[in-house]
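# Structural features, examined
The primary structure of each chain is shown beneath.
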Amino acid sequence: MTYQIVERGSPNTIDYKLYIKNEKGIVSPFHDIPLLADNTGKVFNMVVEIPRWSNAKMEINTKSALNPIIQDTKKGKLRFVSNVFPHKGYIWNYGALPQTWENPELLDEHTGCKGDNDPLDVLEIGYKVAKRGEVLKVKVLGTVALIDEGETDWKILVINVEDPIAPEVNDIKDIEKHFPGLLKATVEWMKIYKIPDGKPENKFAFNGEPKDAEFALKIVSDTHEYWKALLQKENTNGLSCVNTTLNNASTIDDEKVQAILSESLPLSEPSPLLPEVDKWHFVKL
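Predicted model, so just to flag it, every value in this text is computed and none were measured.

Counting through the fold element by element, Asn45 comes out in strand S4 (residues 44–50). A polar atom in the side chain of Asn45 sits 2.8 Å from the backbone oxygen of Pro34. For Asn45, the residues in contact, after removing those within four places along its chain, are Ile33, Pro34, Leu35, Leu36, Ala37, Ala96, Leu97, Pro98, Val135, Leu136 and Lys137.

What follows is the structure, given as structure tokens:
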């Protein structure tokens with residue numbers, strides 16, 4: 001299956017929306033794109049929300065029909081992650097695993113905190129800078145258990161299976177071997193990235209120690225089951241389960257898809273970014 005993007009509105013504004021489509025039409029990156037990318041059970045689809053080195057905090061909008069990728073806002077203003085020296089923007093291709101959900105009603109047995117109500121976050125470490133809305137085929141290498149403002153927020157470390165070094169990278173220990181310093185930088189980045197916004201350091205389960213691929217795959221499997229259960233709920237607490245392929249009560253036809261798209265502004269030129277986006281912030285560790 002190949003995927004393309006459909007953009008609406010003006011990039012760098014609150015009107016911007018990025019939809020994803022396949023050969024048959026628009027699909028939800030939350031619900032329609034399969035978690036598994038092949039029949040081996042070892043390769044997964046990853047939806048890229050934020051390309052490496054960029055700052056705009058883009059995310060799958062779990063509350064809007066068809067779940068377009070939008071830029072997060074706070075108090076009506078677009079959110080950009082700060083450059084905390086020496087890190088420029090996001091230091092991986094950042095995105096999500098489709099058909100997963102961190103259940104906010106369950107206490108995670110490993111962290112003692114409830115889920116953050118989002119799909120699983122993914123950090124792709126290959127050499128290629130991905131594109132927003134791109135769907136990559138990745139394999140799972142490990143995970144870090146971030147506690148974000150009291151919620152469990154697993155970060156799954158993956159690599160694009162098409163990366164030249166991918167055959168040699170299969171577990172957490174291989175990251176340290178082939179990408180020395182990246183695991184340390186990953187934990188540091190997640191620990192301090194909110195400090196420029198006046199927030200305290202983030203906390204971790206396991207003292208920030210990354211867990212291996214087997215552990216991470218269990219997290220992926222569990223959150224996939226939570227997603228299946230979400231589709232059966234009568235009250236999804238504002239999350240949209242609208243889809244175009246699952247043939248359930250929330251599946252819509254093309255006429256309704258076009259009606260949703262028509263509510264968005266046509267694609268237009270990007271709004272200029274403020275120079276503050278490139279500002280460096282310095283934090284004492």
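Turning to the nonpolar core, a few remarks are in order. Residues Trp92, Ile125, Leu157, Ile175 and Trp189 are the most contacted members of the largest nonpolar core, which totals 45 residues. At six residues, the largest contribution of residues to this core is made by helix H2 (residues 182–192). Residues in contact with Trp189, not counting those within four places in the same chain, are Val81, His87, Gly89, Tyr90, Ile91 and Trp92.

With that settled, consider the packing of aromatic side chains. With the rule as written, the count across this model stands at nine aromatic pairs. Seen in terms of ring centroids, Phe85 and Trp280 are 5.5 Å apart; in terms of plane orientation they differ by 75°. Their pairing is edge-to-face. Within this pair, whereas Phe85 is found in the loop between strand S9 (83–84) and strand S10 (93–96), its partner Trp280 is found in strand S16 (residues 280–281), the two being separated by 195 residues in sequence. Classification of Phe85 as partly exposed rests on a relative accessible area of 46%. Cation over ring: Lys211 sits above Phe206, and NZ or CZ is 4.4 Å from the ring centre.

Right, let's talk about the environment of His31 for a bit. Within the secondary structure, His31 is located in the loop between strand S3 (25–27) and S4. Sequence spacing of His31 and Asn243 is 212 residues, and the spatial spacing of their C-alpha atoms is 6.3 Å. Every residue in contact with His31, bar those within four places of it in the chain, is listed here: Asn67, Gln99, Trp227, Leu230, Leu231, Ser240, Cys241, Val242, Asn243 and Leu246. Among the polar contacts listed, one links the side chain of His31 to the backbone oxygen of Ser240, at a separation of 2.7 Å.

With that settled, consider unusual backbone geometry. A cis amide bond links Phe85 to the next residue, Pro86, at an omega of 5°. Among the secondary structure elements, Pro86 is positioned in the loop between S9 and S10. Despite not being glycine, Lys75 has its phi angle at roughly 55°, a positive value.

Once that is clear, we can look at the environment of Lys77. With respect to the helices and strands, the residue Lys77 is situated in strand S8 (residues 77–78). When the C-alpha atoms of Lys77 and Val161 are compared, they prove to be 36 Å apart, with 84 residues separating the residues in sequence.

Further remarks concern the pattern of salt bridges. Enumeration according to the criterion identifies twelve salt bridges in this entry. Residue Lys194 pairs with Asp148 through a salt bridge whose shortest N-O separation is 2.6 Å. Taken together, the positions of Lys194 in the loop between H2 and strand S14 (203–204) and Asp148 in strand S12 (residues 135–148) put the pair 46 residues apart, joining distant regions of the chain. In this structure Lys194 comes out as buried when scored by relative accessible area, which is 8%. Since its relative accessible area comes to 13%, Asp148 is described here as buried. Across the pair Lys155 and Asp153 runs a salt bridge whose closest N-O atoms are separated by 3.0 Å. A single salt-bridge network, built from bridges that share partners, covers Asp148, Glu149, Lys194 and Lys199.

About the thresholds
Residues numbered from 1 in each chain as written. Predicted model: local features only at pLDDT ≥ 70, side-chain atom pairs only at ≥ 80, totals over all residues. Heavy atoms only, no water. Helix = DSSP H or I, 4+ residues; strand = E, 2+ residues; numbered from the N terminus. Polar contact = N/O pair within 3.5 Å; in protein donor to acceptor, adjacent residues only side chain to side chain. Contact = heavy atoms within 4.5 Å. Core = buried A, V, L, I, M, F, W, Y, C linked by side-chain atoms within 4.5 Å. Buried < 20%, exposed > 50% of the residue type's maximum accessible area, 1.4 Å probe, protein only. Phe/Tyr/Trp six-rings, centres within 6.5 Å; stacked < 30°, edge-to-face > 60°. Lys NZ or Arg CZ within 6 Å of the ring centre and 35° of its normal. Salt bridge = Lys/Arg side-chain N within 4 Å of Asp/Glu carboxyl O.

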